[in-house]
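Each chain, letter by letter, is given below.
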Amino acid sequence: MRAAFHKMHGLGNDFVVVDERDRSLDLTPRRIAALMDRKRGIGADQFVTLSRPDIQAEDGNADVNVRFFNPDGGEAGACGNASRCVAALLARESDARSFTLRTQAGLLAARVHGAGEQGEARVTVDMGRPQLDWRAVPLAQKADTLRLPLAGEPAALSMGNPHVTFFVDDIAASSAGPEIEVHELFPQRVNAGFARIDAPDRMRLRVWERGAGFTLACGSGACAAVVNAARRGLGERRMTVEADGGELLIEWAPDDHVLMTGPAAFAFEGVVDLEAFPR
Ligand SMILES: N[C@H](CCC[C@H](N)C(=O)O)C(=O)O
């Protein structure tokens, strides 16, 4: 079975996007992982599938259903950079510039500001409300998510996927990612962000992503880091987040929704023979 795909990225956090709106593809976790393999497959940080929304769904009509998968084959409830890319893709198909994406995290509103054919679009996604309760992160036991009982006293929350944020002085020294990802406190594992506050409205951030390792940028991680910084009184509710791959603008709005604005770029398109990859 041959499948068309779009290779896209948000600040270097890159994705293979496949479209199942017209036909289902024979995708298994093992095949998805193989397609993301940078040596054997197309190569990407995450794999994204689009499918037709169920118009009977009680939570309102979405333009598209979106699922996100990590290189280890695990599924993630949210992916900020990929959400911007999906909106930019939809903006190439019509004159519309506002879209509703149904993800595991819920319905996300996206607005595309100028979708260039090959250039970068600038997209704002409403990533919804952060979930601050320990059960929502989730944690394995009751704890104050503002200061977890771990070295470095990080803060934790869910953006539809689990995040923990360490506030550090030396970003380069942040090497605890792999251990934190699989720490027993996080039954669904966790994305570990290391944030250095440079000004009340500016931070530097690196994220060891669950199932992927350090990436050039992490959209949901940037949302988590800004909310956690504001909760701790370390930053304002609107901050520029400087990732390795570039900058995102994050605002924890007065209505408790987190708005993320940044680029979405088209790299190339292709067709892949899925049978060449193990089921
Ligand atoms: N590794 C993340 C998913 C991708 C998040 C990141 N790429 C983003 O832009 O939000 C997780 O397992 O929850």
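Note that the structure is predicted; figures quoted are calculated from it, not measured.

A word on the side chain of Gln46. Relative to the helices and strands, Gln46 is located in strand S3 (residues 46–51). Among the polar contacts listed, one links the side chain of Gln46 to the side chain of Asn70, at a separation of 3.0 Å. Ignoring anything within four residues of it in the chain, the contact list for Gln46 reads Asn13, Asp14, Phe15, Val16, Met36, Phe69, Asn70, Cys79, Glu209 and Ala212.

This part is about the state of the cysteines. Counting across every chain of the model gives zero disulfides. The thiol of Cys79 is unpaired, and the distance to the nearest cysteine sulfur, on Cys218, comes to 7.2 Å. Left without a disulfide partner, Cys223 is nearest to the cysteine sulfur of Cys218, which lies 8.6 Å away.

Counting buried positions along strand S4 (residues 64–69) gives five out of six residues, so the element sits mostly inside the fold. The pairing of S3 with S4 spans five bridges and is classified as antiparallel. Bridging from a neighbouring strand, Val48 pairs with Phe68 of S4. Where S4 lies against strand S6 (residues 98–103), two bridges are found, and the strand directions are parallel. Bridged to Val64 within S6 is Leu101. The pairing of S4 with strand S5 (residues 75–76) spans two bridges and is classified as antiparallel. Bridge pairing in S5 links Phe68 to Ala76. The hairpin formed by S4 and S5 contains five residues between the paired strands, and Gly73 there has a positive phi angle of roughly 90°.

A few words now on the confidence of the model for the protein. Here the protein averages 94 in pLDDT, while 96% of its residues score no lower than 70. With a pTM of 0.96, the predicted complex shows an ipTM of 0.96.

Further remarks concern the pattern of salt bridges. Summed over the entire model, instances satisfying the criterion amount to 23 salt bridges. Here Arg279 and Asp26 are joined by a salt bridge, their closest N and O atoms 2.7 Å apart. Remark: Asp26 occurs in the loop between strand S2 (13–19) and helix H1 (29–36) and Arg279 occurs in the segment after strand S16 (258–273); sequence separation between them is 253 residues. We classify Arg279 as exposed; its relative accessible area is 53%. Note on Asp26: relative accessible area 24%, which makes it partly exposed. Salt bridges sharing common partners tie together Lys7, Asp14, Arg38 and Asp45.

Cut-offs and rules
Residues numbered from 1 in each chain as written. Predicted model: local features only at pLDDT ≥ 70, side-chain atom pairs only at ≥ 80, totals over all residues. Heavy atoms only, no water. Helix = DSSP H or I, 4+ residues; strand = E, 2+ residues; numbered from the N terminus. Polar contact = N/O pair within 3.5 Å; in protein donor to acceptor, adjacent residues only side chain to side chain. Contact = heavy atoms within 4.5 Å. Disulfide = S-S within 2.5 Å. Buried < 20%, exposed > 50% of the residue type's maximum accessible area, 1.4 Å probe, protein only. Pairing = 2+ DSSP bridges. pLDDT = per-residue confidence, 0-100. Salt bridge = Lys/Arg side-chain N within 4 Å of Asp/Glu carboxyl O.

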